Amino acid sequence: AAAGRTAAPPDAELGGREEPTQPAAEAAAPSANPTTRWLEEARGRTDVILVDPPRCGLDADTLRLVSYFDHVLYISCNPEALLDNLQRGGLLQTHAVVRSAIFDHFAYTPHLECAVLLRRRTLCE
């Protein structure tokens, strides 16, 4: 294992999956943020993430981290922010929508809860 990192347990191997590639400059520069660093290290051991952001959607740093995962379950109370994260945020470049659902948890209001299951495009081929 690299200095400062612990090796993943044997049962956490990638199972033939390739890790997402990232630019060499980004790979060479470790993050100063401990949470970001932990998530970057965890991506080889975890392939599913659940996100349920506030109404404004995910910020750019979180979108980048979410893109490391093979499967993303994105729950949103704002369909416009969800669409923005999928299109302009870049998730649709790396992931395909597998399923989606709309829930009307807020009767007599214009608010909807949306759920989208995304899978890395290389796993869909």
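To be clear, the structure that these remarks concern was listed above.
Read on for a plain summary of the structure. (Residues numbered from 1 in each chain as written. Predicted model: local features only at pLDDT ≥ 70, side-chain atom pairs only at ≥ 80, totals over all residues. Heavy atoms only, no water.)

1. Some details on the pattern of salt bridges
1) Next: Here the structure, examined in full by the defined rule, presents two salt bridges.
2) Next: One salt bridge in this structure joins Arg 120 and Asp 70, with 2.9 Å as the shortest N-O distance. Taken together, the positions of Arg 120 in strand β4 (residues 113-120) and Asp 70 in the loop between α3 (60-66) and β2 (71-76) put the pair 50 residues apart, joining distant regions of the chain. In this structure, Arg 120 and Asp 70 share a single accessibility class: buried.
3) Next: Here Arg 88 ties to Asp 84 by a salt bridge, and the two come within 2.6 Å at their closest N and O atoms.
4) Next: Under the relative-accessibility criterion, Asp 84 is labelled partly exposed at 30%. (Salt bridge = Lys/Arg side-chain N within 4 Å of Asp/Glu carboxyl O. Helix = DSSP H or I, 4+ residues; strand = E, 2+ residues; numbered from the N terminus. Buried < 20%, exposed > 50% of the residue type's maximum accessible area, 1.4 Å probe, protein only.)

2. Quick word on helix α4 (residues 79-87)
1) Next: Buried residues of α4: Ala 81, Leu 82, Asn 85 and Leu 86, and no others. Burial along α4 is one-sided: seen end-on, the buried residues are contained in an arc of 135°.
2) Next: One side-chain oxygen at the N-terminal end of α4 lies 3.1 Å from the backbone nitrogen of Glu 80; it belongs to Asn 78. (Arc of directions from axis to C-beta. Polar contact = N/O pair within 3.5 Å; in protein donor to acceptor, adjacent residues only side chain to side chain.)

3. Digging into the pairing of β4
1) Next: Buried residues dominate β4, accounting for six of its eight residues.
2) Next: Sheet topology note: the β2/β4 ladder contains six bridges and is antiparallel. For His 71, the partnering residue across the bridge sits in β4 and is Arg 119.
3) Next: With eight bridges joining them, strand β3 (residues 95-103) and β4 adopt antiparallel strand pairing. Pairing of Ala 101 across the sheet is with Ala 115, part of β4. (Pairing = 2+ DSSP bridges.)

4. Section: the environment of Leu 123
1) Next: Here Leu 123 shows up in helix α6 (residues 121-124).
2) Next: Along the backbone, Leu 123 and Asp 70 are 53 residues apart, and their C-alpha atoms lie at a distance of 7.8 Å.
3) Next: Not counting residues within four places of it along the chain, the set of residues in contact with Leu 123 comprises Asp 70 and His 71. (Contact = heavy atoms within 4.5 Å.)

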